[in-house]
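Chain residues, written in single-letter form:
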Amino acid sequence: MHHSHNRATLGGKLSAVLVAAGSSVGLGNIWRFPYVAGDNGGGAFLVIYILCVLLLGLPLMLAEFSVGRATHRNAVGAYRALDKRWSFLGYNGVLAAFLILGFYFVVSGWTAEYMVHSVTGSLAKYTTAQEYQSIFENFIQNPWRPVLYTLLFVLATHFVIALGVQKGIERSAKVLMPLLFVILIALAIHSLLMPGGGEGFRFFFQPDFSKVTPSTLLVALGQAFFSLSIGIGTMVTYASYFKPETNLRHTALNVTILDTLVAILAGVVIFPAVFSVGIEPTSGPSLVFITLPSIFNGMPLSMVWSSVFFLLLVVAALTSTISLHEVITAYCHEEWHMSRRAAAWTTTAATALLGIMASLSVGILNGWKLFGLNLFDLLDYLTANIMLPVGGLFTCLFVGWKLDQQVLKDQITNHGALKFRIYRTFIFLLRYLCPIVMLLVFLDNLGVF
Ligand code: TRP
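Analysis parameters
Residues numbered from 1 in each chain as written. Predicted model: local features only at pLDDT ≥ 70, side-chain atom pairs only at ≥ 80, totals over all residues. Heavy atoms only, no water. Helix = DSSP H or I, 4+ residues; strand = E, 2+ residues; numbered from the N terminus. Rg over C-alpha atoms; globule rule 2.2 N^0.38 Å. Buried < 20%, exposed > 50% of the residue type's maximum accessible area, 1.4 Å probe, protein only. Contact = heavy atoms within 4.5 Å. Areas by Shrake-Rupley, 256 points an atom, 1.4 Å probe, with all protein chains shown as cover. Lys, Arg positive; Asp, Glu negative; His and termini not counted. Charge placed at Lys NZ, Arg CZ, Asp CG, Glu CD. 1 Å grid on protein atoms, 1.4 Å probe; cavity = no way out; pocket = protein on both sides within 12 Å on 5 of 7 lines; lining within 4 Å. Points joined across faces, edges and corners; volume = space filled by probe spheres on them. Nonpolar A, V, L, I, M, F, W, Y, C, P; charged D, E, K, R; others polar. Near = heavy atom within 4 Å. Polar contact = N/O pair within 3.5 Å; in protein donor to acceptor, adjacent residues only side chain to side chain. Sits in = over half its atoms within 2 Å of the grid points. pLDDT = per-residue confidence, 0-100. Phe/Tyr/Trp six-rings, centres within 6.5 Å; stacked < 30°, edge-to-face > 60°.

### What to know about the overall build of the chain
For step 1, the next point in the chain: Looking only at helices and strands, one finds 19 helices and zero strands in the chain.
For step 2, the next point in the chain: Relative to the compact-globule value of 22 Å for 449 residues, the chain shows a C-alpha radius of gyration of 21 Å, a close match.
For step 3, the next point in the chain: Classification of the 449 residues of the chain by burial places 60% in the buried group.
For step 4, the next point in the chain: Looking at the chain alone, contacts between residues at least 24 apart form 83% of all its contacts between residues at least 6 apart.
For step 5, the next point in the chain: With the model as given, the accessible surface of the chain reaches about 17400 Å², and the carbon-plus-sulfur share is 67%.
For step 6, the next point in the chain: The chain carries 26 positive and 20 negative side-chain charges, and their two centres are separated by 11 Å.

What follows is the structure, given as structure tokens:
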């Protein structure tokens with residue numbers, strides 16, 4: 001049994017926002033959001049996405065924070081402590097964190113390679129989008145280089161984790177987040193001014209609801225949860241380290257706003273450029289890796305811009321991989337009674353193996369398919385479109401219906417010290433709106449209507 005006084009806590013209010021935002025803001029915003037939005041019609045997707053974030057994501061994040069800080073335990077331990085029968089929710093989380101890391105480390109490795117190529121100047125040697133497309137494809141299909149970068153990233157994550165919760169996570173989250181924001185704004189302005197950029201702007205901001213299908217809804221829901229890092233106990237784990245005086249609803253609100261702004265900004269950077277250089281918005285996971293170098297190309301001091309940008313992307317990815325790694329490490333440490341060191345190494349070894357497989361699955365092992373998807377795509381699809389929404393649904397049901405309402409109230413109001421005027425609305429969302437919407441989206445996708 002681990003007592004709360006043995007556990008590290010994070011610093012002040014700022015730190016809680018920073019570490020949670022560090023987890024949320026990542027490749028989900030800059031790599032996944034644009035490719036998924038491009039794949040699902042642009043403007044209409046954006047509207048649905050924002051609704052999912054505000055109506056489902058925000059209450060859910062607050063719910064996860066409450067569970068974590070009420071119990072001071074890892075995802076499995078937290079649900080078990082509150083009600084044994086609900087520990088499956090924690091297991092779904094630990095497993096999902098593992099599967100997400102499998103492909104997330106691979107994409108993180110790609111960004112690390114792009115950073116290196118920006119610094120050495122080799123990325124600036126090409127000019128057309130077609131050239132960028134073929135160098136991207138050549139790179140990810142190479143049998144060893146992407147694997148090497150994936151492993152480098154796994155090790156970087158491991159060492160931050162091994163430094164301990166307080167020092168490692170808090171410090172790395174504090175670094176460079178505001179700079180990412182500034183750079184994105186500069187890139188967005190540049191992209192909007194590219195010839196033909198207006199068309200991309202309209203694609204992203206003019207909703208065409210005739211393009212919406214049942215799967216658009218599910219994908220938007222999954223992307224919202226993925227981007228906010230909710231549904232699988234990451235925020236439970238992080239909140240287990242929060243201090244008693246941390247204001248949970250301010251933290252949730254700030255993180256949600258920040259995360260959504262970064263995603264929208266990424267869209268404003270990517271789509272005008274996509275249309276300007278003539279790439280298909282439906283290009284999938286390669287979209288940003290082709291578009292970004294094309295944007296930098298037209299900028300003065302392109303090498304500097306692209307080096308700094310990819311460095312920031314690497315940092316943003318790292319603060320996210322840390323949070324996923326921590327879910328598994330905290331679980332192994334507390335539930336299997338391993339030392340933190342052994343728990344961290346176990347997580348690192350297991351995710352490294354899965355990462356290598358996923359990396360090879362877009363190259364030499366591309367023929368190995370399940371349900372028509374290679375391992376990389378399968379991990380992405382299974383986690384974002386199934387495990388996160390299912391985890392989110394059951395989290396709502398648990399916190400809305402099962403959890404002692406006094407526990408929830410105490411967490412949100414810090415035992416009465418804070419007011420929470422919209423408590424009733426919050427409970428209504430958790431109890432009725434969120435579960436019903438999620439169920440309808442699932443049934444819709446199964447073709448029930
Ligand atoms: N939210 C992160 C991103 O957008 C990725 C991430 C971290 C995540 N922890 C998570 C996704 C937990 C789902 C669940 O890049």
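### What about empty space enclosed by the protein?
For step 1, the next point in the chain: Tallied over the entire structure, the rule returns four cavities of 30 Å³ or more.
For step 2, the next point in the chain: When its volume is computed, the largest cavity comes out at roughly 150 Å³.
For step 3, the next point in the chain: What lines the largest cavity is a set of 19 residues, among which Ser23, Tyr104, Phe226, Ser229 and Leu324 lie closest to the centre.
For step 4, the next point in the chain: Partitioned by chemical class, the residues of the lining of the largest cavity number nine nonpolar, ten polar and no charged.
For step 5, the next point in the chain: As a volume, the second largest cavity reaches approximately 70 Å³.

### Some remarks on the side chain of Thr329
For step 1, the next point in the chain: Mapped onto the elements, Thr329 comes out in helix H15 (residues 302-335).
For step 2, the next point in the chain: The exposure class of Thr329 is buried, given its relative accessible area of 0%.
For step 3, the next point in the chain: When neighbours within four sequence positions are excluded, Thr329 is seen to be in contact with Ile161, Arg340, Ala343, Ala344 and Thr347.

### Looking at the site of the ligand
For step 1, the next point in the chain: Near the ligand you find 17 residues, and of these Ser24, Gly28, Tyr104, Phe226 and Ser229 are the closest.
For step 2, the next point in the chain: In the environment of the ligand, an oxygen atom lies 3.1 Å from a nitrogen or oxygen atom belonging to the backbone of Leu27.
For step 3, the next point in the chain: Using a 2 Å cut-off from the grid points, one finds that the ligand occupies the largest cavity.
For step 4, the next point in the chain: Elements supplying a minimum of two residues to the shell around the ligand: helix H1 (13-24), helix H2 (27-39), helix H5 (87-120), helix H11 (214-228) and H15.
For step 5, the next point in the chain: Considered class by class, the residues forming the shell around the ligand number seven nonpolar, ten polar and no charged.

### Examining the confidence of the model for the chain
For step 1, the next point in the chain: Mean pLDDT over the chain stands at 91; residues scoring 70 or higher make up 95%.
For step 2, the next point in the chain: Counting interchain partners and residues more than four positions distant, the pLDDT-below-50 stretch residues 1-5 has seven contacts.

### Focus: the packing of aromatic side chains
For step 1, the next point in the chain: A complete count under the given rule lists 42 aromatic pairs for this structure.
For step 2, the next point in the chain: Relative to Phe136, the ring of Trp110 lies with its centre 5.3 Å away and its plane at 90°, an arrangement referred to as edge-to-face. Taken together, the residues Trp110 in helix H5 and Phe136 in helix H6 (residues 129-141) connect sequence positions 26 residues apart.
For step 3, the next point in the chain: With a relative accessible area of 3%, Phe136 lands in the buried category.
For step 4, the next point in the chain: Ring geometry for Phe201 and Phe205: centres 4.8 Å apart, planes at 50°, overall tilted. Highlighted residues: Phe201 and Phe205, both in helix H10 (residues 197-205), separated by four residues, approximately one helical turn.

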